[in-house]
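Structure assessment
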Amino acid sequence: MEVKQQLIQTAHALFMRYGIKSVSMDDIARELGISKKTIYQYVDNKTDLIEQIFRSEIEDDKCMMELIKTQANDAIEEIVKIARFAIKKLRQLSPTTVYDLQKYYLNTWKAMEALHQRHMYQLMRENIELGIRQGVYRQGINPDIIAKLYVAKTSLVADEELFPLGQYNLEELFKEYILYHMHGVASEKGLKILNAHLADLSAEGHKTDKQINKI
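Residues numbered from 1 in each chain as written. Predicted model: local features only at pLDDT ≥ 70, side-chain atom pairs only at ≥ 80, totals over all residues. Heavy atoms only, no water.

**Remarks on the environment of Y121**
- If you trace the backbone, Y121 turns up in helix α7 (residues 106-134).
- Distance from Y121 to P143, taken between C-alpha atoms, is 9.8 Å for residues 22 residues apart in sequence.
- What Y121 contacts, discounting residues up to four positions off in sequence, is D144, A147, K148 and V151.
- Within the structure, the side chain of Y121 is placed 2.6 Å from the side chain of D144, a separation counted as a polar contact. (Helix = DSSP H or I, 4+ residues; strand = E, 2+ residues; numbered from the N terminus. Contact = heavy atoms within 4.5 Å. Polar contact = N/O pair within 3.5 Å; in protein donor to acceptor, adjacent residues only side chain to side chain.)

**Here we look at the pattern of salt bridges**
- Counted according to the given criterion, the structure contains eight salt bridges.
- We note a salt bridge from D27 to R30, for which the minimum N-O separation is 2.6 Å. One end of the pair, D27, and the other, R30, are both in helix α2 (residues 25-32), three residues apart, so they sit about a helical turn from each other.
- The salt bridge partner of E77 is K81, with a shortest N-O separation of 2.9 Å. Taken together, the residues E77 and K81, both in helix α5 (residues 75-92) and four residues apart, mark about one turn of the helix. (Salt bridge = Lys/Arg side-chain N within 4 Å of Asp/Glu carboxyl O.)

**Brief notes about the packing of aromatic side chains**
- Applying the stated rule across the entire model yields two aromatic pairs.
- On the numbers, 5.1 Å between centres and 35° between planes, the contact of Y150 with Y177 is tilted. In this pair, Y150 is assigned in helix α8 (residues 143-157) and Y177 in helix α9 (residues 170-185), connecting sequence segments 27 residues apart.
- Both rings, one in F163 and one in Y168, keep their centres 5.1 Å apart while their planes meet at 85°; by these two values the pair is edge-to-face. (Phe/Tyr/Trp six-rings, centres within 6.5 Å; stacked < 30°, edge-to-face > 60°.)

**Some thoughts on the side chain of E77**
- Note on E77: relative accessible area 9%, which makes it buried.
- Within the local environment of E77, its side chain forms a polar contact with the backbone nitrogen of N73, the two atoms lying 2.8 Å apart.
- Leave out the neighbours within four places in its chain, and E77 touches A72 and H197. (Buried < 20%, exposed > 50% of the residue type's maximum accessible area, 1.4 Å probe, protein only.)

**Topic: the nonpolar core**
- Grouped together as the largest cluster of nonpolar side chains are 33 residues, with contacts concentrated most on Y137 and F174.
- Those elements giving two or more residues to this core turn out to be α4 (46-71), α5, α7, α8 and α9.
- The element contributing the most residues to this core is α5, with nine residues.
- Residues contacting F174, with those up to four places away along its chain left out, are A83, A86, I87, L90 and Y150.
- In terms of nonpolar packing, the next biggest core, distinct from the first, is built from 23 residues, M25, I28, F54 and V98 among them. (Core = buried A, V, L, I, M, F, W, Y, C linked by side-chain atoms within 4.5 Å.)

Printed below as a string of C-alpha cells:
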C-alpha cells in the first residue's frame with residue numbers, strides 16, 4: 001500500500017507540473033526508482049493510474065469539505081471557506097493538465113466530473129437547506145433546483161470554449177462565480193454576514209501578503 005501511495009503522489013506531482021501527455025510511465029518509474037513492471041502490479045495502464053489519482057483527489061477534497069462543514073458557524077461561512085479551498089486548488093491546477101485530460105482522456109475527465117458533480121450537488125443541497133433554516137438564505141428557494149444550478153454553472157466555469165484559459169484567470173472566475181451565487185440566495189441578514197466573512201478573509205490576505213513581503 002505504501003508503494004501505491006507513493007506511486008499516486010509522485011505521478012500526480014509530475015502530471016501537475018508537466019501535464020499528462022508529456023509524462024510517460026517510464027518517467028514515473030525513473031522518478032520513483034522502481035521498474036515499470038513494478039508499477040503495473042498496482043495499475044493496469046496509464047489511464048487506470050490517472051483515474052486512481054483523480055479518485056483519490058476527489059476523496060481528499062470530500063474529506064476537507066466535510067471538515068469545513070463541521071468548523072463553520074453558519075451556511076455562508078461554510079460556502080465562503082469551501083470557495084476559498086477551491087480557489088487554492090485551482091491555483092495548483094496546471095492548464096496543461098486540464099487540456100491533456102480533456103483531449104486525450106476525455107472519458108476519464110467525464111467520469112471524474114460526474115463523480116465530483118454528484119458530491120457537489122449533495123453538499124450544496126445540504127448547505128442551502130441549512131441556510132434557509134438559519135435565515136441567512138431567502139425563504140422559498142428550492143434547494144434541489146439551486147443545487148443543480150450551482151453544479152451546472154461550475155461546469156461552465158471550467159468550459160474552455162466559454163472561458164479560454166489564456167484569456168481568463170481561473171481564480172478570478174471562481175470568485176466572481178461565488179459572489180454571483182451568494183447574492184442570488186442570501187437574505188438581507190445573510191448578505192451582512194457574507195460581507196463580514198469577506199472582510200475577514202481580505203484582512204487575512206493582507207496579513208499573508210505582508211508576511212510574504214518580509215521573506
